[in-house]
Amino acid sequence: MQLDNKKKRAIALFSGGLDSILACRVIQAQNIDVQAVRFVTPFFHYDLLQRPGYVEHIRKKYDISVILKDISDSYLPMLRNPVHGYGKHFNPCIDCKILMVREAKKMMEQFGASFIISGEVVGQRPMSQRKDTMRIIERDSESEGILFRPLCAGAAVKPGKVVLENIVDCEKLPNFSGRGRNGQIRLAAELGIKDFPNPGGGCMLADPALGKRIRDVFAVSPEVTIADISFLLLGRQFLLPHGSWLAVGRNQLENSRIEAQYVSGDYLLRMKDRPGPLALLRFLTHADDLALAAGLVARFAKKIKNQPAAGLVRVKGKGGITELMAEPCLVDVSGWQR
Ligand code: SF4
């Protein structure tokens, strides 16, 4: 077929997994520039923002130009009330994809791109990669005709601008569908792509325990911040009866990380006279939770004669530093643990 021979560029949604790598490479193979973008939030891949050399690593390893973009500011409000609901855990996969496509669309002009690609494969995931939901993602991100899935070009979409304007040659693209990976692995071998990451993983919202923890914190706080999500990953976590959230350090490293999370409005607790954990209390609405937090600090502190013991707990909070005499809280805490 006769392709439009003016050099084109695509923005690629890049997850770092094999499918997104293949999507970039099969489009590049048609003499089209690809600018990949890896979106990050505190729920997935946030650590990459601190990892020097990531961009260069992807360029060298897969010959893909990628940038990182933090979309937390738009992601956090969406997560509270996703139009299309949640998956099995706290994962709003359809709204997540819609948001990413919208963000990619905003970048098209900056990069001189005429379309967007993603490595989605029809039938591969139960929520966001069904034929009907893939159409919804196009519709609700207002990218009908410009969002193109090169790994299933024939199966998933109505022909859009990319196909109608002969920007790509669909005959030369794969036509994967379903959950199997053999076709992708074979194509990777043909393209000389080795050592690619395993599919899935890496999203806390789809993890049963972390998803539940994040759901709970959204339920107790009307405004959840990026710092709140980092706080949720530290130490032993408790949701106390009046809705305060407590993180208790299990070792020195966690204690120092917990201390670094302290912000105005929090309470930082530690034993005054014997070694013990550092604990951070957030979203306090009732004094009983502060007393319980002090009791838990006493419970997990160094035992006296092999028994948890009472002691003075120093509390740094709104009114400066105070001291509380705390009995160790010895009740069954399994219902508070998160
Ligand atoms: S698993 Fe997480 S990152 Fe992936 S689509 Fe769902 S919510 Fe988004």
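In this text, all values refer to a predicted model and were calculated from it rather than measured experimentally.

A.B. asks: Could you give an account of the pattern of salt bridges, with specific residues and numbers?
C.D. replies: This model, assessed by the stated rule, comprises 21 salt bridges. Across the pair Glu120 and Arg149 runs a salt bridge, and its minimum N-O distance is 2.8 Å. Remark: Arg149 occurs in the loop between strand E5 (147-148) and helix H6 (161-164) and Glu120 occurs in the loop between strand E4 (115-117) and helix H5 (131-140); sequence separation between them is 29 residues. Taken individually, Glu120 and Arg149 each receive the classification buried, so the pair is uniform in this respect.

A.B. asks: Break down the pairing of strand E8 (residues 267-271) for me, citing the residues and quoting the values.
C.D. replies: Residues in a regular strand point their side chains to alternate faces of the sheet. Of all five residues that make up E8, four are buried, and the element is covered over most of its length. Two strands pair when backbone bridges link them, and E8 and strand E9 (residues 279-282) are joined in this way by three bridges, in the antiparallel orientation. By the bridge assignment for E9, Leu269 is matched with Ala279. Of the strand pairs in this sheet, E8 and strand E10 (residues 311-317) are connected by four bridges, and their pairing is antiparallel. By the bridge assignment for E10, Leu268 is matched with Lys316.

A.B. asks: Help me get a handle on the state of the cysteines, residues and values and all.
C.D. replies: A complete count under the given rule lists zero disulfides for this structure. You can see Cys170 has no disulfide; the closest cysteine sulfur is in Cys152, sitting 11 Å from it.

A.B. asks: Got a sec to walk through the packing of helix H4 (residues 93-111) against H5? Specific residues and values, please.
C.D. replies: At a closest axis distance of 9 Å, the pairing of H4 and H5 adopts a crossing angle of 40°. Considered as vectors, H4 and H5 are oriented oblique to each other. Seen along the crossing, H4 lies across H5 with a hand that is right-handed. Taking contact as the criterion, the partners of Ile94, Lys97, Ile98, Val101 and Arg102 in H4 are, on H5, Thr133, Ile136, Ile137 and Asp140. Classifying every residue of the contact of H4 with H5 by side-chain character gives five nonpolar, one polar and three charged.

A.B. asks: So what's going on with the packing of aromatic side chains? Which residues, and what values?
C.D. replies: In the structure shown here, the tally under the stated rule is six aromatic pairs. Ring centres 4.6 Å apart and planes at 20° place the aromatic pair Tyr86 and Phe90 in the stacked group. Residue classification places Tyr86 among the partly exposed positions, given a relative accessible area of 29%. Joined through ring pairs, the aromatic side chains of Phe43, Phe44 and Tyr75 make up one cluster. The cationic tip of Arg282 hangs over the ring face of Phe231; the distance from NZ or CZ to the ring centre is 4.5 Å. For Lys316, the ring lying beneath its charged end belongs to Tyr262, and the centroid distance is 4.4 Å.

What counts, and at which threshold
Residues numbered from 1 in each chain as written. Predicted model: local features only at pLDDT ≥ 70, side-chain atom pairs only at ≥ 80, totals over all residues. Heavy atoms only, no water. Salt bridge = Lys/Arg side-chain N within 4 Å of Asp/Glu carboxyl O. Helix = DSSP H or I, 4+ residues; strand = E, 2+ residues; numbered from the N terminus. Buried < 20%, exposed > 50% of the residue type's maximum accessible area, 1.4 Å probe, protein only. Pairing = 2+ DSSP bridges. Disulfide = S-S within 2.5 Å. Axes fitted to C-alpha atoms, helices over the stretch in contact; angles between N-to-C directions. Parallel < 35°, antiparallel > 145°, perpendicular 65-115°, else oblique. Left-handed = near helix turned anticlockwise from the far one by under 90°. Contact = heavy atoms within 4.5 Å. Nonpolar A, V, L, I, M, F, W, Y, C, P; charged D, E, K, R; others polar. Phe/Tyr/Trp six-rings, centres within 6.5 Å; stacked < 30°, edge-to-face > 60°. Lys NZ or Arg CZ within 6 Å of the ring centre and 35° of its normal.

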